[in-house]
Every structure is written in C-alpha cells, then in structure tokens.
Amino acid sequence: MSHAVAEMARPPVDLTELRTLAMFEEHAAAVLPLDVFASASGGPSVATLERNRQALRHLAIEQRVLMNVKTVDTRAYFVGMTLPSPIIVSPMDGLPRFHPEGDLALARGATRHGGMTVVAGGCTWPLETIGAAATGPLMFQLDWLGDRDWVSEKLQRVYAGGFKAVCLAVDADTQAGLTWDDVDWVRAQLALPFGLKGIMTAPDARLALDRGVDFIWVSNHGGRRLDDGRATIDALLEIAQVVRGRVPLIVDSGFRRGTDAMKALALGATLVAFGRTVLWGLAAAGADGVQQVLQLLHDELVINMKLAGRTVTSELPPDIIRRVDSAGFAQPIRLPGA
Ligand SMILES: Cc1cc2nc3c(=O)[nH]c(=O)nc-3n(C[C@H](O)[C@H](O)[C@H](O)COP(=O)(O)O)c2cc1C
C-alpha cells in the first residue's frame, strides 16, 4: 500500500547513535516537518500536558539496598493474558505522517517479544493487515463514528484481525452523544475483554465497574483533550482506591521514562502505556525504532527496580513512592479514602 506522506527521502538512521529516549525526541524534532512534530508533541491543552509531567516529577522512589535483586520479574497479568512487560503502546492515528509503514511498523515493533500495542480506531491499514503484521497481542481502540450497525460491522473486522481486547475511547468531543447505555450495548455485543479509555474520576470508575467493564484506562489523551484537567497519576490514585484490584487499570499521558512506569505500577496500574515516546521511535526507524524505544523504557524500569530493592513489577507497594514538596522533602502519600 502506498501513502502520500511527509516521510520520504529521509536517510536511514544509525540506531546505535540514538542511545537515550531524549535523543529519539531530539531526532524526531530535527527530521519531522515542523507542523507534524508540533501537532503530535503538543496539544490544545498545554496546562494538562504540563500537569501530567509535573505530577510525575513530584513523586520520588525510595531507594533500598542489599536485597538480592539479581532477577526482576516484569510479567504483567491482563484480562487472561500474561505479557512480558507492563509497558505497552497507546493508540495513535495518522501514523503514516511519521513513517511510511505507519500502523504496520508500530504493530511489528511493539509486539516483538510478545509486547502489546493498541491499534487506533483511525488506523490507516485494514485491521486484518495490521493483525497479520503483529507477532504478539493487539488491542483495538474503538471510536464510535456511526450508528450501532456501523459499530457491529467494525467489531467483525476486529475479530477477523485476531485482536485480543477492545477499548472504547470515551473522551472525544466527536462522540458527544454517547451514554452509559451505549457502553452496555457494546458490552453485550462483544465477545472480547472490553474497557473504557479516558476515565479520570472515581465516580466514572464506579459507573464503569457497574457496567461490567473488564478494565479501565485512566487517560487524558496525553493532554490533548480537556484543557486544565488533572494529571493522570493523580486520577490513578483515587481510581485505584475505588477499583481495589477488581479489574486491571491501564494509565497513560505524560509517561516518558521507565521510572514513570514504576511510579504508576506502585500506585495501582497493571499496564502503563506510552504514546509520543514510542512515536519518536517510529519516526526514527519504523519497527526497529519502536522496538528500541520500548527496550530503553524496559531497561530503565528493570534497573530502577533493582535500585529500589524490588524484584516483581506486579507487586510494587504504594509506600515505595513519596510525594515531594516544594522544598524537595518527600512525604508519605496519603491515599484517598485510606
Ligand atoms: C499523534 C497522536 C495521535 C493520537 N491518536 C489517538 C487516537 O486515535 N485514539 C485515542 O484513543 N488516542 C489517541 N491519542 C492519545 C494516546 O492514545 C494516548 O492517550 C496519549 O498519547 C498518551 O500520552 P503520551 O503521548 O504523553 O504518552 C493520540 C496521541 C497522539 C500523540
């Protein structure tokens, strides 16, 4: 399939030169057309975007020593699947603007070694083609863009593509007419694990649980939707208190480092999804770039687990995380409702 995209005569990248996550972002800023880089890295809500980062920066991890941390178990357990890592890729549309093999390269790179990626409703290739490119599990992110017949037809394609789960994005203004009744309807139709992406409050998490969702995705779309909204790590804290392990939680928005993932895992997430960070890998070198970014994130997670004296990512307790005040002193986190 050929796409008229902004890529094109970019020289091949020597991936050994992109040794850090920051280098991938710098590379993307240098090689992508300005409007493409700016529209992806920014968003209408600078306030939410910055708050996601600020809240993560204000959390510190406790250092522990002499605890035999030779091996770290990073397996994650999600709706009947065992994934090798809790780090996954968020759904993103418009991928041919970043690499000519777009969704195919993302699925290939992300699912090497069994990792999971989430394919955006607005993907460019047919779901069956993306499914065939992947070597590990895929989730589909449903955008509700037609009537119920349209959704039913879309779900048939999801089955044909071999997808393992579906999330409905509920934070887009193009879907303003949706209600919890529509959630009930999809739930009843669907023969796959089903969750909602874009839950940001305890009351909405309770409603989602009442509706029988299989997982909840805490997200503010990477700060690309509600302006002046809350940070997702902040929302995760209160949502985890409501959900209390009954369904797995995914979180994304503003996560940039392996240590960010560690903080979210300790505060109740089962999986941590990365959007832009992985996009810069795609822009640099397609599937290989995606794989390298995910490897860097994973390596950071593992090394910092060891430095914190911890060996199982799915069993990180919340008390390894402290909230740093404006003077730089770290206090225990008071969990909402605890
Ligand atoms: C270029 C781009 C396109 C996106 N497209 C979608 C989309 O089609 N559907 C969706 O649910 N979220 C979409 N998102 C939001 C991501 O799924 C995710 O929530 C967000 O990027 C995570 O934040 P981060 O980029 O700071 O990691 C998009 C984000 C970006 C940067």
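Refer to the preceding data block for the structure.
Residues numbered from 1 in each chain as written. Predicted model: local features only at pLDDT ≥ 70, side-chain atom pairs only at ≥ 80, totals over all residues.

Asks: Just to check I follow, could you spell out the site of the ligand for this structure?
Replies: Of all residues adjacent to the ligand, which total 24 residues, the nearest are Ser 90, Asp 93, Ala 120, Gly 222 and Gly 275. When the residues that make up the shell around the ligand are grouped by side-chain class, the tally is 7 nonpolar, 12 polar and 5 charged. (Near = placed C-beta within 6 Å. Nonpolar A, V, L, I, M, F, W, Y, C, P; charged D, E, K, R; others polar.)

Asks: When you look at the sheet that holds strand 13 (residues 330–332) in this model, what are you seeing that I'm missing?
Replies: Strand pairing in a sheet relies on backbone hydrogen bonds. The paired strands run either parallel or antiparallel. Judged by pairing direction, the sheet is antiparallel, and its 3 strands sit side by side in the order 1-12-13 without closing on themselves. If you trace the sheet from one side to the other, it starts and ends with strand 1 (59–61) and strand 13, each paired once. Strand-to-strand twist across the sheet, computed as the mean angle between neighbouring axes with direction ignored, equals 45 degrees. Here strand 1 pairs with strand 12 (residues 321–324) via 3 bridges, running antiparallel. Residue Ile 61 lies in a different strand from strand 12, and its bridge partner there is Ile 321. (Pairing = 2+ DSSP bridges. Helix = DSSP H or I, 4+ residues; strand = E, 2+ residues; numbered from the N terminus. Axes fitted to C-alpha atoms, helices over the stretch in contact; angles between N-to-C directions.)

Asks: I keep staring at the pairing of strand 12 and nothing clicks. Help me out?
Replies: Remark: a regular strand shows side chains that alternate across the two faces of the sheet. Of the strand pairs in this sheet, strand 12 and strand 13 are connected by 3 bridges, and their pairing is antiparallel. Bridging from a neighbouring strand, Arg 322 pairs with Pro 332 of strand 13. Hairpin connection, strand 12 to strand 13: the antiparallel pair is bridged by 5 residues, and Gly 328 has positive phi, about 95 degrees.

Asks: Any chance you could explain the pairing of strand 9 (residues 215–218) here in plain terms?
Replies: The alternating pattern of strand 9 places Phe 215 and Trp 217 on one face and Ile 216 and Val 218 on the opposite face, and all of these are buried. In terms of strand pairing, strand 8 (residues 194–199) meets strand 9 through 4 bridges, oriented parallel. Looking across to strand 9, one finds that Lys 197 is bridged to Trp 217. The parallel pair strand 8 and strand 9, bridged by helix 8 (residues 202–210), forms a crossover whose chirality is right-handed. Remark: the strand 9/helix 9 (residues 232–243)/strand 10 (residues 249–251) crossover connection has right-handed handedness. (Buried ≥ 20, exposed ≤ 12 C-beta atoms within 10 Å, placed from the backbone. Right-handed = clockwise from strand over helix to strand, strands pointing away.)

Asks: Help me out: how do you make sense of the environment of Tyr 159 in this one?
Replies: Tracing the backbone shows Tyr 159 in helix 6 (residues 148–160). Of the residues examined, Tyr 159 has 16 C-beta atoms within 10 Å and is grouped as partly exposed. Along the sequence, Tyr 159 and Leu 190 sit 31 residues apart, while their C-alpha atoms lie 9.6 Å from each other.

Asks: Is there a simple way to explain helix 3 (residues 46–57) in this structure?
Replies: Along an α-helix, residues three or four positions apart point the same way, because every turn accommodates 3.6 residues. Look at helix 3: 17 Å from first C-alpha to last across 12 residues, which is about the 16 Å you get at 1.5 Å a residue. Buried within helix 3 are the following residues: Thr 48, Leu 49, Arg 51, Asn 52, Ala 55 and Leu 56. Axial view of helix 3: buried residues confined to an arc of 165 degrees, hence all on one face. For helix 3, the exposed residues set more than 90 degrees away from the buried face come down to Val 46 and Arg 57. Those residues of helix 3 hidden inside the fold are in contact with strand 1, helix 9 and helix 10 (258–266). (Expected span 1.5 Å × (residues − 1). Arc of directions from axis to C-beta. Contact = placed C-beta atoms within 7 Å.)

Asks: Just to check I follow, could you spell out the nonpolar core for this structure?
Replies: Looking at soluble globular proteins, one finds that nonpolar side chains tend to be buried together. Ile 216 and Leu 236 are the most contacted members of the largest nonpolar core, which has 102 residues in total. If one sorts the elements of this core by residue count, helix 11 (residues 276–307) sits on top with 16 residues. In contact with Leu 236, other than residues within four places in its own chain, are Val 218, Leu 249, Val 251, Ala 264, Leu 267, Gly 268 and Ala 269. (Core = buried A, V, L, I, M, F, W, Y, C linked by C-beta atoms within 7 Å.)

Asks: What exactly am I supposed to notice about helix 9 here?
Replies: For helix 9, with 12 residues, the first-to-last C-alpha span of 15 Å sits near the 16 Å given by 1.5 Å per residue. Along helix 9, 10 of the 12 residues are buried, which leaves the element largely enclosed by surrounding structure. Buried within helix 9 are the following residues: Thr 232, Ile 233, Asp 234, Ala 235, Leu 236, Leu 237, Glu 238, Ile 239, Ala 240 and Val 243. Positioned one or two residues after helix 9, Arg 244 has a phi angle of 45 degrees, which is positive.

Geometric descriptors of this kind do not, in isolation, establish any biological role.
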